[in-house]
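Commentary on secondary and tertiary structure
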Amino acid sequence: MTTIRIPTPLRPYTNSQAEIAVSGDTVGAVLGDLTRQHPALRQHLYGESGELRAFVNVFLNDEDVRHIRGAETPVKDTDRLMIVPSIAGG
Amino acid sequence: MLTITQVALGAIRAHGEAAYPNEGVGLLLGTADGEGKTAVAALPLPNTWAPDEQANRYQVTGADMLRGEQEAARLGLDVLGFFHSHPDHPAEPSRWDHEWATWPWYSYVITTVARGRATVTRSWQLREDRSAFDEERVQLP
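This report concerns the structure included in the present document. (Residues numbered from 1 in each chain as written. Chains lettered and ligands numbered in written order. Predicted model: local features only at pLDDT ≥ 70, side-chain atom pairs only at ≥ 80, totals over all residues. Heavy atoms only, no water.)

Time to look at the overall build of chain B. When its secondary structure is counted, chain B shows 3 helices and 9 strands. Scanning chain B from its N terminus toward the C terminus, one meets helices and strands in the order β-α-β-β-β-α-β-α-β-β-β-β. Taking the principal axes of the C-alpha coordinates as reference, chain B spans close to 40 × 30 × 30 Å. In chain B, buried positions account for 47% of the 141 residues. Carbon and sulfur atoms make up 51% of the accessible area of chain B, which totals about 6500 Å². Looking at chain B, you have 12 positive and 19 negative side-chain charges, and the mean spots of the two groups are 4 Å apart. (Helix = DSSP H or I, 4+ residues; strand = E, 2+ residues; numbered from the N terminus. Buried < 20%, exposed > 50% of the residue type's maximum accessible area, 1.4 Å probe, protein only. Areas by Shrake-Rupley, 256 points an atom, 1.4 Å probe, with all protein chains shown as cover. Lys, Arg positive; Asp, Glu negative; His and termini not counted. Charge placed at Lys NZ, Arg CZ, Asp CG, Glu CD.)

This part takes up the environment of A:Ala54. Residues and elements named next belong to chain A. Mapped onto the secondary structure, Ala54 falls in the loop between helix 2 (42–45) and strand 3 (56–60). Each C-alpha atom of the pair Ala54 and Ser86 lies 8.5 Å from the other, and the pair is 32 residues apart in sequence. Look past the residues within four positions of Ala54 in its chain and what remains in contact with it is Arg66 and Ser86. (Contact = heavy atoms within 4.5 Å.)

A word on the side chain of A:Thr73. All names here are of chain A. When you line up the elements, Thr73 lands in the loop between strand 4 (63–64) and strand 5 (80–85). With relative accessibility at 1%, the residue Thr73 sits in the buried group. The contact partners of Thr73, leaving out residues within four places of it in the chain, are Asp25, Thr26, Val27, Leu60, Val65 and Ile68.

What follows is about the interface of chain A and chain B. With 23 residues of chain A at the interface, the matching set in chain B holds 31 residues. Carbon and sulfur atoms supply 65% of the area that chain A and chain B bury against each other, a total of about 2200 Å² over both sides. Put simply, chain A and chain B have 1 salt bridge between them. Residue B:Asp78 pairs with A:Arg11 through a salt bridge whose shortest N-O separation is 4.0 Å. Counting every contact that joins chain A to chain B gives 10 residue pairs in polar contact (both at pLDDT 80 or more). The set of elements that each furnish at least two residues to the side of chain A that touches chain B consists of helix 2, strand 3, strand 5 and strand 6 (87–89) of chain A. (Buried area = accessible area lost by both parts, 1.4 Å probe. Salt bridge = Lys/Arg side-chain N within 4 Å of Asp/Glu carboxyl O. Polar contact = N/O pair within 3.5 Å; in protein donor to acceptor, adjacent residues only side chain to side chain.)

Next comes the structure, spelled out in structure tokens:
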């Protein structure tokens, strides 16, 4: 199964697990499986419109999936995804 | 509560002064134990906002954040939060800090840099319902 690494602030919503095994053929599908396994993550990853929050980046083997095919990016069982925030402010 | 070691605080303040009159930014690295966090290192990152607006804005790309996360992992540390400077402004979250806040739990450490000298350092955390920042208790060296 594909592995997703969870950033520290979201681990309270994954029973303290840092890495979660997820199933699915695309980035969108594995993120769907992640939030099915841990529904409390949903509000932290997705905004009210149902889109990934703008600051949430998903990296597939160190490449930003927005630069590949976004949610349609294919994933394999051996792939490793990381959820990383980008930050901004004033 | 957040404890900031002398080394980490020194790096945060030095980076704020070096970036002045612009905002400097970076990652706060350390260990977390229950509710308590100890920041042992500060990792400056590039402020990629438009150069002519960096006096009151900052932005760090996802790619730079990924490198920071990987550096933390290499050191066996967690990313506890972020630090940034407010040149000639109070060490309190601005409207933009709130608007673009990420997740609760992270420490948002803000340092006032007044006329080029780092003065006040405070830390803030986003509420669970994202409605506001609350000040986090900080133990400084």
